[in-house]
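Letter by letter, the chains look like this.
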Amino acid sequence: MSPKAPMVKLNNGLEMPVLGLGTWLSKEGEGIEAIKAAIDAGYRHIDTAYFYQNEKEVGEAIRAKIEEGVVSREDLFVTTKLWNTYHHPDHVEQAFQKSLENLNIEYIDLYLMHLPIGYKFVDWDPKNLMPYDADGKLQFSDVDYIDTWKAMEKLLKTGKVKSIGVSNFNSEQITRLLAECEIKPVTNQVECNPSLNQRKLTEFCKDLDITLTAYSPLGRPNYYEKDPDNMPKPALDDPKVIEIGKKYNKTSGQVILRYLVDIGTIPIPKSSNPERIQQNIDIFDFKLTGEEIETMDGFNTGQRTVPFNLCTSHKYFPFNAEF
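An unreviewed UniProt entry lists the protein chain under the name Putative aldo/keto reductase family, with Aedes albopictus as the source organism.

A. Spatial organisation of the packing of aromatic side chains. Applying the stated rule across the entire model yields 14 aromatic pairs. The ring of Y107 is capped by K162, whose NZ or CZ atom sits 4.5 Å from the centre of that ring. Above the ring of F319, the side-chain terminus of R304 is found at 3.5 Å from the ring centroid.

B. Molecular detail of the packing of helix α9 (residues 252-262) against helix α11 (residues 290-297). At a minimum axis distance of 11 Å, the contact between α9 and α11 shows a crossing angle of 105 degrees. By the criterion of interaxial angle, the relationship of α9 to α11 is roughly perpendicular. Taking contact as the criterion, the partners of V255, I256, Y259 and D262 in α9 are, on α11, I293, M296 and D297. Counted by class, the contact of α9 with α11 contains 5 nonpolar, no polar and 2 charged residues.

C. Molecular detail of empty space enclosed by the protein. One pass over the structure, following the stated rule, counts 3 cavities of 30 Å³ or more. Estimates place the volume of the largest cavity at around 90 Å³. Looking at the lining of the largest cavity, its residues break down into 7 nonpolar, 3 polar and 2 charged. Of the voids in this model, the second largest cavity is the one considered here, and its volume is about 50 Å³.

D. Region of the structure containing the UniProt feature "site: Lowers pKa of active site Tyr" (unreviewed entry) in the protein chain. What UniProt calls "site: Lowers pKa of active site Tyr" (unreviewed entry) maps, in this numbering, to K81. Among the secondary structure elements, K81 is positioned in strand β5 (residues 77-82). For K81, the residues in contact, after removing those within four places along its chain, are D47, T48, A49, Y50, Y52, S99, Y111, L112, H114 and Q189. Polar side-chain contacts of K81 include one of 2.8 Å to the backbone oxygen of T48.

E. Expanded view of the side chain of T23. By the element assignment, T23 lies in the loop between β3 (21-22) and α1 (28-40). Accessibility expressed as a relative area gives 1% for T23, which makes it buried. In this structure the side chain of T23 is engaged in a polar contact, spanning 2.7 Å, whose partner is the backbone oxygen of D47. Look past the residues within four positions of T23 in its chain and what remains in contact with it is I35, I46, D47, T48, Y52, N54, V58 and K270.

F. Representation of the nonpolar core in the model. Within the largest apolar cluster, 92 residues are counted, with the highest numbers of intra-cluster contacts made by Y111, L288 and M296. Residue contacts for M296: discarding those within four places in its chain leaves P194, V241, I244, V255, I256, Y259 and L288.

G. Inspection of the sheet that holds strand β10 (residues 265-267) at higher detail. Strand order in the open sheet made by the 8 strands is β3-β4-β5-β6-β7-β8-β9-β10, with parallel pairing throughout. Each edge of the open sheet carries a strand with a single partner, namely β3 and β10. The sheet contact formed by β3 and strand β4 (residues 45-47) spans 2 bridges and is parallel. Residue L21 lies in a different strand from β4, and its bridge partner there is I46. Across the sheet, helix α6 (residues 199-207) lies against β8 (187-191), β9 (211-215) and β10, angled at about 175 degrees from β8, the strand it touches most.

H. View of the UniProt feature "binding site: substrate" (unreviewed entry) in the protein chain. According to UniProt, the feature "binding site: substrate" (unreviewed entry) maps to H114 in the numbering used here. Among the structural elements, H114 can be located in the loop between β6 (108-113) and α4 (145-156). Classification of H114 by relative accessible area gives buried; the value is 7%. Residues contacting H114, with those up to four places away along its chain left out, are A49, F51, Y52, K81, L82, W83, N84, S167 and N168.

I. Structural detail: the layout of surface pockets. A volume near 1100 Å³ is recorded for the largest pocket. W24, L25, S216, R220 and Y223 are the residues nearest the centre of the largest pocket, which is lined by 41 residues in total. Of all the secondary structure elements, the ones that give two or more residues to the lining of the largest pocket are α7 (221-226) and α10 (274-281). In terms of residues, the lining of the largest pocket owes the most to one element, α7, which gives 4 residues. In terms of residue class, the lining of the largest pocket is built from 20 nonpolar, 15 polar and 6 charged. As a volume, the second largest pocket reaches approximately 300 Å³. Lining the second largest pocket are 19 residues, and of these T202, K206, T211, G264 and T265 sit closest to its centre. Mapped onto the lining of the second largest pocket, the elements with two or more residues apiece are β1 (7-9), α6, β9 and β10. For the lining of the second largest pocket, the leading source of residues is α6, giving 5 residues.

What counts, and at which threshold
- Residues numbered from 1 in each chain as written.
- Predicted model: local features only at pLDDT ≥ 70, side-chain atom pairs only at ≥ 80, totals over all residues.
- Heavy atoms only, no water.
- Phe/Tyr/Trp six-rings, centres within 6.5 Å; stacked < 30°, edge-to-face > 60°.
- Lys NZ or Arg CZ within 6 Å of the ring centre and 35° of its normal.
- Axes fitted to C-alpha atoms, helices over the stretch in contact; angles between N-to-C directions.
- Helix = DSSP H or I, 4+ residues; strand = E, 2+ residues; numbered from the N terminus.
- Parallel < 35°, antiparallel > 145°, perpendicular 65-115°, else oblique.
- Contact = heavy atoms within 4.5 Å.
- Nonpolar A, V, L, I, M, F, W, Y, C, P; charged D, E, K, R; others polar.
- 1 Å grid on protein atoms, 1.4 Å probe; cavity = no way out; pocket = protein on both sides within 12 Å on 5 of 7 lines; lining within 4 Å.
- Points joined across faces, edges and corners; volume = space filled by probe spheres on them.
- UniProt positions renumbered as here; feature names shortened; annotations may be inferred.
- Polar contact = N/O pair within 3.5 Å; in protein donor to acceptor, adjacent residues only side chain to side chain.
- Buried < 20%, exposed > 50% of the residue type's maximum accessible area, 1.4 Å probe, protein only.
- Core = buried A, V, L, I, M, F, W, Y, C linked by side-chain atoms within 4.5 Å.
- Pairing = 2+ DSSP bridges.

Structural data, given as structure tokens:
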């Protein structure tokens, strides 16, 4: 199957598919099958993270598809992330090396700083990625994300990673990073969906030639069902979205993903369902009108499904800024 998603050029001259497969909360065997199905469906962009604890499965699925001759390593764009416990400059390279070994796919296309917030480093045991104290309070480190980024810049010289970027950064943090560091992030990966459409942050990043990658692009329907009082209602079941879908013979999910591409983001929907995986990438044969984009803009409330509530007291908590 040939690649389905068009490419977007990054500020370092490399290219990234404009839609990818998210893998957060992918269960072991299920994750492997989902990635294989995605590659067969034409996905060439896979997003994982050390924190997801599924890098080995991601790598296994990718190697299987390379072995089958479906893709070559060069056809794929693979992203993983530096976890918060490894922000100290002395830990960055070793953390990266662990992800590279887990994936076992020669090199990593994009390495992101998962959050601007550092957690206390305990040891290298993956069981200690959320370091709580005896009272159940999350323990932070005060490492400056600028120092973490400078250590990430050094990784580029190894040739084992092609691009570096950030995740969950606000506009002020990106401005500070650009003022104090040498290498510009190629992307900022943030929650972005109709309820939180990130228009201002997308525009801000675009002006700096930084892409915006959209995680949780469909909202979180399963979280909303469990906690409708505190979670934004996903646009998936809204009659206005269903109506737009009927016009193009598309599902609500396809309409939402097309909207996110049309407003300049790179969505990475997560699914383990082969049919849904196929649907999610079949969005490049239609385009929303200006009026339809306005309708979709109407769902924006600014409410997050991933608020990182445990981190609100940290000095680098990103979500107090306007965008």
